[in-house]
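Structural features, examined
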Amino acid sequence: MSTFNNKSFWQGAVLIGLILLTRMNHFGDNVYLPDATLAVLFLGGLLITRGSWLALAIVVAFGMDFYAMGWKGVSEYCMSLGYWGLIPTYAAVWGAGRWLAKREQPFAALPYATVGWAAASVAFVLSNAFWYSFSDKVDTLTVVEFTQRIAKYYTPYVGFALMYLGAAWLVMKALPKLNLGKNTTSA
């Protein structure tokens, strides 16, 4: 296995692990961390070029949702045809990461933060638009009523993604300074 593939494998494994650790509760609580899926997909797009990784990440996220509903007692309220709109939503977030990865300095603070915020914001709009369009739970609401009801979720939805992206940015900036992998001895 080449160094690049080995590096991608470990990056992907850590990112998938974050989905497994955080996918139980979107906004967190006393027991669970907030959901890191948006940040994971964005970082996956930045760090991993293979589209098969995106498919795996989506399968893991959906698997965690079904696990949470089936064995953890999480409400099935969001389950409808609109739920499947998460596939193009997550692909858009991953695509934003891929787009940024092709820039000269993808981890430069301003482009990283701006594209991360934009990707999370687009994900909020897309996921809610799919749910509004294909869910029987909100079919009596007008678009304006629906928008007013979900607006309060924008800040935590995007904010938690940005929190994880900020932590990842700090780690990426610290890694070169740690000299990982270099053989150092003290005299």
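Before reading further, recall that the structure is shown in the block above.
Described below are features of the structure shown in this document. Everything quoted here is computed from the prediction, not taken from an experiment. (Residues numbered from 1 in each chain as written. Predicted model: local features only at pLDDT ≥ 70, side-chain atom pairs only at ≥ 80, totals over all residues. Heavy atoms only, no water.)

**Quick word on the pattern of salt bridges**
- Following the criterion strictly, the structure yields two salt bridges and no others.
- Notably, a salt bridge pairs Asp35 with Arg23, separated by 3.2 Å at the nearest N-O pair. You can see Asp35 sitting in the loop between α1 (3-22) and α2 (37-47) and its partner Arg23 sitting in the loop between α1 and α2, a full 12 residues away along the chain. When sorted by exposure, Asp35 lands in the same class as Arg23, which is buried.
- With a shortest N-O distance of 2.7 Å, Asp65 and Arg23 are connected by a salt bridge. Here Arg23 lies in the loop between α1 and α2 and Asp65 lies in helix α3 (residues 51-71), a separation of 42 residues in the sequence. You'll find Asp65 and Arg23 in the same group, each marked buried.
- Among the ionic contacts, a cluster of salt bridges with common partners joins Arg23, Asp35 and Asp65. (Salt bridge = Lys/Arg side-chain N within 4 Å of Asp/Glu carboxyl O. Helix = DSSP H or I, 4+ residues; strand = E, 2+ residues; numbered from the N terminus. Buried < 20%, exposed > 50% of the residue type's maximum accessible area, 1.4 Å probe, protein only.)

**Brief notes about the nonpolar core**
- In terms of nonpolar packing, the biggest core is built from 45 residues, with Leu38, Phe42, Leu46, Trp53, Tyr90 and Tyr112 touching the most fellow members.
- Listing elements by their share of this core, those giving two or more residues are α1, α2, α3, α4 (86-101), α5 (109-134), α6 (143-150) and α7 (154-178).
- Here this core gets eight residues from one element, more than from any other, and that element is α2.
- If near-sequence neighbours (up to four positions away) are discounted, Tyr90 is found in contact with Arg23, Thr37, Leu38, Leu41, Leu54, Ile58, Ala61 and Phe62. (Core = buried A, V, L, I, M, F, W, Y, C linked by side-chain atoms within 4.5 Å. Contact = heavy atoms within 4.5 Å.)

**Overview of the packing of α2 against α5**
- Where α2 meets α5, the closest approach of the two axes is 10 Å, and the angle between their N-to-C directions is 130 degrees. The angle between α2 and α5 places the two elements in the oblique class. Seen along the crossing, α2 lies across α5 with a hand that is right-handed. Here Leu38, Phe42, Leu43 and Leu46 of α2 come into contact with α5, specifically with Tyr112, Val115, Gly116, Ala119, Ala120 and Ala123.
- Here the residues of the contact of α2 with α5 sort into nine nonpolar, one polar and no charged. (Axes fitted to C-alpha atoms, helices over the stretch in contact; angles between N-to-C directions. Parallel < 35°, antiparallel > 145°, perpendicular 65-115°, else oblique. Left-handed = near helix turned anticlockwise from the far one by under 90°. Nonpolar A, V, L, I, M, F, W, Y, C, P; charged D, E, K, R; others polar.)

**Focus: α4**
- In this model α4 runs 22 Å from its N-terminal to its C-terminal C-alpha over 16 residues, within 8% of the 22 Å that 1.5 Å per residue would give.
- Here α4 has its buried residues at Leu86, Thr89, Tyr90, Val93, Trp94, Ala96, Gly97, Arg98 and Leu100. (Expected span 1.5 Å × (residues − 1).)

**A word on the side chain of Arg98**
- Position of Arg98 among the secondary structure elements: in helix α4.
- Although Arg98 lies buried, it forms no salt bridge, and the closest oppositely charged side chain, Glu104, sits 16 Å away as judged by the N-O distance.
- When neighbours within four sequence positions are excluded, Arg98 is seen to be in contact with Gly45, Leu46, Ile48 and Thr49. (Lys, Arg positive; Asp, Glu negative; His and termini not counted.)

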